[in-house]
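Topology and contacts: notes
Listed below, chain by chain, are the residues.
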Amino acid sequence: MADQQALDEVVEFTSGLIRIDTTNRGGGDCRERPAAEYAAERLAGAGLEPLMLERTPGRTNVVARVAGTDPSADALLVHGHLDVVPAEAADWSVPPFSGEIRDGVVWGRGAVDMKNMDAMILAVLRSWARQGVRPRRDLVIAFTADEEASAEDGSGFLADRHPELFEGCTEGVSESGAFTFHDGAGRQIYPIAAGERGTGWLKLTARGRAGHGSKVNNENAVTRLAAAVTRLGEHEWPLRLTPTVRAALAELAALYGIEPDFTDVDRLLEKLGPAGKLVDATVRNSANPTMLEAGYKLNVIPGEAVAFVDGRYLAGAEDEFRATLDRLVGPDVSWEFAHREVALEAPVDAPVFAKMRSAVEEFAPEGHVVPYCMSGGTDAKQFSRLGITGYGFAPLKLPEGFDYQALFHGVDERVPVTALHFGVQVLDRFLRTA
């Protein structure tokens, strides 16, 4: 098991990484190198030989390999990103980059997304070095840049330019899984991610006839764009069940003693109550308008108007997604992908999933492990180019009332010290035998 020093270090490292401001504002505005140096120094302290790799100066990634005891076994990728989304300090109860530890909680941007997992990985590897532990299979450890934007300087760069570092890796684990979900009725559910919706960030462009704001204009670009955005925002996407989502519904239904009626999924979600929140965002494609750009003066009708839409699609449903966009935006508006990444599916009957389930159940015997699909995406998308099947497994035991998912990119992001201790123990147990 992880030793006491590992429990102390995971808290120290989470706080220390938070204090390194790695805000990713998009468009290349980020510098992960100080955090990469922090991680590399601690990997070296565990007897490893980390490589620091950059596509762009300051956008640093760290990769190291841990030799396993079974050279015939496939390797496992364990990865976490170093960048974080922006935080408006005026909205927070504590300075977002303070890493403050107060009342048994570590506060700051990255506490759950995902410097906590980065710290767990470091703490486990250093514990192994002290105890002389080696995993069964080779582990490739990767700390990446740029996950919160395009990943072009991070996992995309590593997968495209340095695939040799991931030789032998067949599966990978990273963020957004194995956390406690309290259903409000006394049950503790631990969802492990075995799928991700695809990313389809869209740019819509409407063109029309520029003119004076006082004149009638039936070719107004703003009007055309507004109509298209409204149609997208109001569209009711049809139900589409992927294997992962179907498995999630089946296991949750069994937990609640409900017959899983897949012919009326909305009704099934209602019967599941709060637990339905683990699934409801992943039974359909979606397209949410998020940004509008048009005009330069109040009394001038612009010739062009632009909108941005956060689109997501399920595995096997991208063609439907594209066709629906063509129909909804209409003939006067064009659309293109501002950023696109694939949807993912991972088998829930694989041995590695069983080992994740077993590790959680060992330290949370009262918990119920279920598979689920992420509504968003992670670096697993880029690593899938190398044939690596990705799972979300960043274990945390959370108290009731702690809304973990709301803290992703939220105000007052924080993580309990006891949750970090649980995470180190579960991750240690899993990685030793995976």
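The following paragraphs examine the structure supplied in this document. For clarity, every value in this text was computed on a predicted model and none was experimentally measured.

Procedures and definitions
- Residues numbered from 1 in each chain as written.
- Predicted model: local features only at pLDDT ≥ 70, side-chain atom pairs only at ≥ 80, totals over all residues.
- Heavy atoms only, no water.
- Helix = DSSP H or I, 4+ residues; strand = E, 2+ residues; numbered from the N terminus.
- Expected span 1.5 Å × (residues − 1).
- Buried < 20%, exposed > 50% of the residue type's maximum accessible area, 1.4 Å probe, protein only.
- Contact = heavy atoms within 4.5 Å.
- Salt bridge = Lys/Arg side-chain N within 4 Å of Asp/Glu carboxyl O.
- Core = buried A, V, L, I, M, F, W, Y, C linked by side-chain atoms within 4.5 Å.
- Pairing = 2+ DSSP bridges.
- Axes fitted to C-alpha atoms, helices over the stretch in contact; angles between N-to-C directions.
- Polar contact = N/O pair within 3.5 Å; in protein donor to acceptor, adjacent residues only side chain to side chain.
- Phe/Tyr/Trp six-rings, centres within 6.5 Å; stacked < 30°, edge-to-face > 60°.
- Lys NZ or Arg CZ within 6 Å of the ring centre and 35° of its normal.

**Re helix α2 (residues 33-44)**
For α2, spanning 12 residues, the distance from its first C-alpha to its last is 16 Å, which sits close to the expected 16 Å at 1.5 Å a residue. Every buried residue belonging to α2 is among Ala35, Ala36, Tyr38, Ala39, Ala40, Arg42 and Leu43, and all of these are buried. Residues of α2 that are buried make contact with α1 (4-18), β1 (51-54), β2 (60-66), α3 (115-131) and β6 (139-144).

**Regarding the pattern of salt bridges**
Scanning all chains against the criterion turns up 33 salt bridges. With a shortest N-O distance of 3.8 Å, Arg42 and Glu41 are connected by a salt bridge. Assessed through its relative accessible area of 55%, Glu41 is described here as exposed. Its salt-bridge partner being Glu251, residue Arg357 comes within 3.3 Å of it at the nearest N-O pair. Taken together, the positions of Arg357 in helix α9 (residues 351-363) and Glu251 in helix α6 (residues 243-255) put the pair 106 residues apart, joining distant regions of the chain. The exposure class assigned to Glu251 is partly exposed, which follows from its relative accessible area of 28%. Several salt bridges converge on common partners, so that one network encompasses Glu32, Arg55, Arg59, Asp146 and Asp153.

**Digging into the nonpolar core**
Among soluble globular proteins, nonpolar side chains are generally buried collectively. Among the nonpolar cores identified, the biggest contains 96 residues, and Phe143, Val279, Tyr391, Phe393, Val424 and Phe430 are the most heavily contacted of them. In contact with Phe393, other than residues within four places in its own chain, are Met117, Val173, Ser174, Glu175, Gly177, Ala178, Ile192, Met356, Val360, Val426, Leu427 and Phe430. Within the second largest apolar cluster, 21 residues are counted, among which are Leu204, Ala307, Phe321 and Leu328.

**Here we look at the sheet that holds strand β4 (residues 101-102)**
One open sheet holds the 3 strands; their spatial order is β4-β5-β19, and the pairing between them is antiparallel. Across the chains shown, the open sheet's two edge strands, defined by having one partner strand only, are β4 and β19 (414-416). Note that strand β5 (residues 105-107) and β19 share 3 bridges and pair antiparallel. Among the inter-strand pairings, Val105 is bridged to a residue of β19, identified as Pro416. Of the strands in this sheet, β4, β5 and β19 are in contact with α1, which crosses β5 at around 15 degrees.

**Quick look at the side chain of Glu318**
Turning to its location among the elements, Glu318 is positioned in helix α8 (residues 318-329). For Glu318, a relative accessible area of 15% corresponds to the buried category. Engagement of the side chain of Glu318 in a polar contact is seen with the side chain of Arg340, the distance being 2.7 Å. Not counting residues up to four positions away in its chain, the partners in contact with Glu318 are Tyr313, Phe337 and Arg340.

**Examining the packing of aromatic side chains**
Counted under the stated rule, the structure contains 11 aromatic pairs. Summarising the aromatic geometry, the rings of Trp237 and Phe321 are spaced 5.7 Å apart at their centres and angled 20 degrees between planes, so their arrangement reads as stacked. A residue pair is termed long-range when its members are at least 10 positions apart, and Trp237 in the loop between α5 (221-234) and α6 and Phe321 in helix α8 qualify at 84 residues. For the pair formed by Trp237 and Phe321, the shared burial category is buried. Counting every residue linked through ring pairs, the aromatic cluster contains Phe179, Tyr372, Tyr404 and Phe408. The ring of Trp107 carries Arg102 above its face, with NZ or CZ at 5.4 Å from the centroid. A cation over a ring is seen here: Arg414 above Trp107, with NZ or CZ 5.1 Å from the ring centre.

**Concerning α3**
If you check α3, its first and last C-alpha atoms are 24 Å apart, about what 17 residues at 1.5 Å a residue would give, namely 24 Å. For α3, the buried fraction is high: 14 of the 17 residues fall into the buried class. The first or second residue beyond α3 is Gly132, which carries a positive phi of 70 degrees.

**Focus on unusual backbone geometry**
With an omega dihedral of -15 degrees, the bond running from Asp113 to Met114 counts as a cis peptide bond. As for its position among the elements, Met114 is in the loop between β5 and α3. Phi is positive for Asp103, close to 50 degrees, though the residue is something other than glycine. Note on placement: Asp103 falls in the loop between β4 and β5. One non-glycine residue with positive phi stands out, namely Ser176, at about 70 degrees. In this fold, Ser176 is placed in the loop between β7 (169-174) and β8 (181-182).

**Considering the sheet that holds strand β10 (residues 198-207)**
Spatial ordering of the open sheet is given by β12-β14-β10-β15, a layout of 4 strands whose pairing is antiparallel. Because the sheet does not close on itself, it has two edges, and the strands there are β12 (286-294) and β15 (333-341). In this sheet, neighbouring strand axes are inclined to one another by 20 degrees on average, regardless of whether the strands run parallel or antiparallel. Sheet analysis places β10 next to β15, joined by 8 bridges and oriented antiparallel. Its bridge partner being in β15, Thr205 is matched across the sheet by Ser334. Set on the sheet, α8 makes contact with β10, β12, β14 (304-313) and β15; between it and β15 the angle comes to about 155 degrees.

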